[in-house]
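Coordinate analysis (summary)
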Amino acid sequence: MSDSIVNEEIDRRPESKWSMVGKDPYSMPLEKIDLAHPGIWQENEFLPFLKRLREEAPVHYCAESATGPYWSVTKYKDIMEVDTSPHIYSSEPTIGIVDAYEQFTIPSFISMDPPKHDEQRRVVQGVVAPTNLKALEGLIRQRAQTILDGLPIGEEFDWVERVSIELTTQMLATLFDFPFEDRHKLTYWSDVATAIPGGGIIDNNEQRWAAMEDCLATFTRLWNERINAEPGNDLISMLAHGEATKNMPPMEYLGNILLLIVGGNDTTRNSITGGVLALNQFPEEYDKLRSDHSLIPNMVSEIIRWQTPLAYMRRTAKVDTVLNGQQIKKGEKVIMWYASGNQDDEVIENPERMIVDRPNARQHLSFGFGLHRCMGNRLAEMQLRIVWEEIMQRFERIEVVGEPERIYSSFVKGYAKMNVVLHPKKAA
Amino acid sequence: MVKVVFTDHAGSEQSVEVATGVSIMEAAVSNGISGIDADCGGSCSCATCHVYVDKAWLGKLDAMNPDEDAMLGLSTDRQDNSRLSCQIRLRDELDGIAVTTPEFQF
């Protein structure tokens, strides 16, 4: 284990002095706003901070934070500019805000620039391409039906655990052809990979590394199985047989596996939960949906915007440059806050509302744009569409009980727990 | 006005007439042609307005820029006549151009 992996000096604990929880976003000095601390994200207090930056400092420099200095980009059009200029804004060395030890310093194509990024991505994108997904649709639907049919009616239970996690984990096991009975390990590794020490899932980075070693050992066994078999359509077989990936060093293999696990897990999971929450906050939208199920595909895009399951992606300036009037120096961190761009009322009308029939709902930032645009976007949309089609067949209403528990992270924007009660459809 | 003929993956054909200067993507979106998503709104950064250009028309188009080439490189259904329709501006010489939309945008 490398010593650089263990760096507990970066204090991102809830009680850290850097937390902005409970502070008034408009009375604190502008330069003190530090969106990277997870506190306001977990407490659901982030929106007014984002709004103030969009209004007063759309390209904002935070000189002091637990994670070092960084730029925050909060307007839709500026985010678009950064995302589509890989020659100026690099994805290397990492797309997470913390340098040196964090989850994504394990190399994977999300944190590579062309041409290596393009070569490695090309090997695996076929598995989540729409042509391949068409063949998976029946299986996804069957699994969604089984999960929904097994839920208790009229009593409180945790939607995150019983539906969102279960569905996305089953799908991931299918894509990897991972032993189905061990599928919960995938969820665990995904959670651990992005967890912040002290935030509830792990206490320190040694624990993270123990889990990652187990993950690598397990996937190495599967690699060895697949490399000795005929090429198959699962992700591991594709990596093992692909020209650009078959000689990958173990850490790079681990990085790409983790990327696919996290990418295919947290994000869809939190959008499944977020949709239920949004329809509870906007009951008139739930009414619209009940009267017209053909709105589901559009609603899926809108849920993905409203939830924005990954709050940001980081880039690093490759050269001195200017963005919306601000001078950015070579080597500085630039954070594109998708969670803010998706709330930019210059581009999106009434952005705080989830509107199931919103026009141009597909033009959200949640998948990013440019070469790093989310590879699994069609799989995510398909999973969400199917789960909502099946929900609307069965339940009159999914009632959220109390406040959901949110995840302690400024990167993964989601839910640890959300209790609901199901109300069945009345017999016709 | 310039005519554009869209054929979907199943072979059904629809024609639209639009002013010169607009892109083929805009011609599709403003006339309700299905099969083109245009998620990024025309900035060559998502590849969801992918079309196959009828080979008779390919030679009349401007060469693709490196950004378009890179975005198309991420598509699993790319062919020799693949283009992003947001990058094709309609001119009088393109009157009647025929394109086919893929079964899926990715």
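Residues numbered from 1 in each chain as written. Chains lettered and ligands numbered in written order. Predicted model: local features only at pLDDT ≥ 70, side-chain atom pairs only at ≥ 80, totals over all residues. Heavy atoms only, no water.

Quick notes on the nonpolar core
Trp159, Phe176, Phe219 and Trp388 of chain A are the most contacted members of the largest nonpolar core, which has 136 residues in total. With ten residues, helix H6 (residues 159–176) of chain A is the single largest residue contributor to this core. Setting aside chain neighbours within four positions, we find Trp388 of chain A in contact with Gly275, Val276, Leu279, Leu289, Ile296, Met299 and Ile303 of chain A. Of all hydrophobic cores here, the second largest spans 32 residues; its members include Ala27, Ile33, Val53 and Ile88 of chain B. (Core = buried A, V, L, I, M, F, W, Y, C linked by side-chain atoms within 4.5 Å. Buried < 20%, exposed > 50% of the residue type's maximum accessible area, 1.4 Å probe, protein only. Helix = DSSP H or I, 4+ residues; strand = E, 2+ residues; numbered from the N terminus. Contact = heavy atoms within 4.5 Å.)

With respect to the sheet that holds strand S9 (residues 395–400) of chain A
Strand-to-strand pairing in sheets goes through backbone hydrogen bonds, with the strands running parallel or antiparallel. Residue and element names in this part refer to chain A. An order of S4-S12-S9 is seen for the three strands of this open sheet, with the pairing classed as antiparallel. This sheet does not close on itself; its edge strands, each paired only once, are strand S4 (157–158) and S9. Inspection of the sheet shows S9 paired to strand S12 (residues 419–424) by five bridges, in the antiparallel sense. Within S12, the residue paired with Phe395 across the bridge is Pro424. Here helix H15 (residues 377–394) sits on the sheet in contact with S9 and S12, set at roughly 110° to S9. (Pairing = 2+ DSSP bridges. Axes fitted to C-alpha atoms, helices over the stretch in contact; angles between N-to-C directions.)

Section: the sheet that holds strand S3 (residues 89–90) of chain A
Residues and elements named next belong to chain A. Across the sheet, which stays open at both edges, the five strands sit in the order S1-S2-S8-S5-S3 with mixed pairing between neighbours. Unpaired on one side and paired on the other, strand S1 (59–62) and S3 mark the two borders of the sheet. Examined bridge by bridge, strand S2 (residues 70–73) and strand S8 (residues 333–337) share three bridges and lie parallel to one another. In the strand pairing of S8, Ser72 is matched with Ile335. Against the sheet, helix H3 (residues 76–83) contacts S1, S2, S3, strand S5 (312–317) and S8, and its axis sits at roughly 130° relative to S8.

Points about the confidence of the model for chain A
Note that predicted coordinates carrying low pLDDT should not be read in detail. In this model, chain A carries a mean pLDDT of 91, and residues with pLDDT of at least 70 account for 96%. This stretch, residues 1–8 of chain A, has a pLDDT under 50; its non-local contacts, to residues over four places away or in other chains, come to 15 contacts. (pLDDT = per-residue confidence, 0-100.)

Quick look at empty space enclosed by the protein
All names here are of chain A. This model, assessed by the stated rule, comprises six cavities of 30 Å³ or more. Approximately 680 Å³ is the volume attributed to the largest cavity. For the largest cavity, the lining is made up of 38 residues, of which Gly263, Leu310, Cys374, Met375 and Gly376 are closest to its centre. Of all the secondary-structure elements, those providing two or more residues to the lining of the largest cavity are helix H4 (116–125), H6, helix H10 (250–263), helix H11 (266–281), S5 and H15. Of the residues contributing to the lining of the largest cavity, the split by class is 23 nonpolar, eleven polar and four charged. (1 Å grid on protein atoms, 1.4 Å probe; cavity = no way out; pocket = protein on both sides within 12 Å on 5 of 7 lines; lining within 4 Å. Points joined across faces, edges and corners; volume = space filled by probe spheres on them. Nonpolar A, V, L, I, M, F, W, Y, C, P; charged D, E, K, R; others polar.)

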